[in-house]
Amino acid sequence: QVQLVESGGGLVQAGGSLRLSCAASGRTLSAYAVGWFRQAPGKEREFVATISRSALSIFYADSVKGRFTISRDNVKNTVYLQMNSLKPEDTGVYYCAADTRVLVTRNYAYWGQGTQVTVSS
């Protein structure tokens, strides 16, 4: 079993940047594909990005393509989400999730507790 902890959230103005981190403990993160999801108030949790174990397969939601970049450092047991050109509609709680499969749905086996991202206009 792997435990996930997100960090790096905060308050930023529109157009700004944040880098989220997803750190793993318990098992090596290199054994898992990792996805990022977000949930805005009153809305369902939605897919943002995912990266395969080897980083050879990466997928993004259309809403973040060209602005967000997912990457991983298997030595540091961490996956990152670099978010640039942030918009108010990017506001929400961001979660990372891990699974042995590369998924764009919410069917991940392991989830972190989330980190809040707020983008002011």
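Residues numbered from 1 in each chain as written. Predicted model: local features only at pLDDT ≥ 70, side-chain atom pairs only at ≥ 80, totals over all residues. Heavy atoms only, no water.

Caption draft 1: Looking closely at the pairing of strand 5 (residues 46–51). The element strand 5 is extensively covered by neighbouring structure, given that 5 of its 6 residues are classed as buried. Bridging between strand 4 (residues 33–39) and strand 5 involves 5 bridges; their strand directions are antiparallel. Bridge assignment links Phe 37 to a residue of strand 5, and that residue is Phe 47. Hairpin geometry of strand 4 and strand 5 is characterised by an intervening segment of 6 residues between the two adjacent antiparallel strands and by a positive phi of about 75 degrees at Gly 42. (Buried < 20%, exposed > 50% of the residue type's maximum accessible area, 1.4 Å probe, protein only. Helix = DSSP H or I, 4+ residues; strand = E, 2+ residues; numbered from the N terminus. Pairing = 2+ DSSP bridges.)

Caption draft 2: Inspection of the state of the cysteines at higher detail. Following the criterion strictly, the structure yields 1 disulfide and no others. A sulfur-sulfur distance of 2.1 Å marks the disulfide that ties Cys 22 to Cys 96. The disulfide joining Cys 22 to Cys 96 has a torsion of about 70 degrees about its S-S bond and is therefore right-handed. Taken together, the positions of Cys 22 in strand 3 (residues 18–25) and Cys 96 in strand 9 (residues 92–99) put the pair 74 residues apart, joining distant regions of the chain. Since its relative accessible area comes to 0%, Cys 22 is described here as buried. (Disulfide = S-S within 2.5 Å.)

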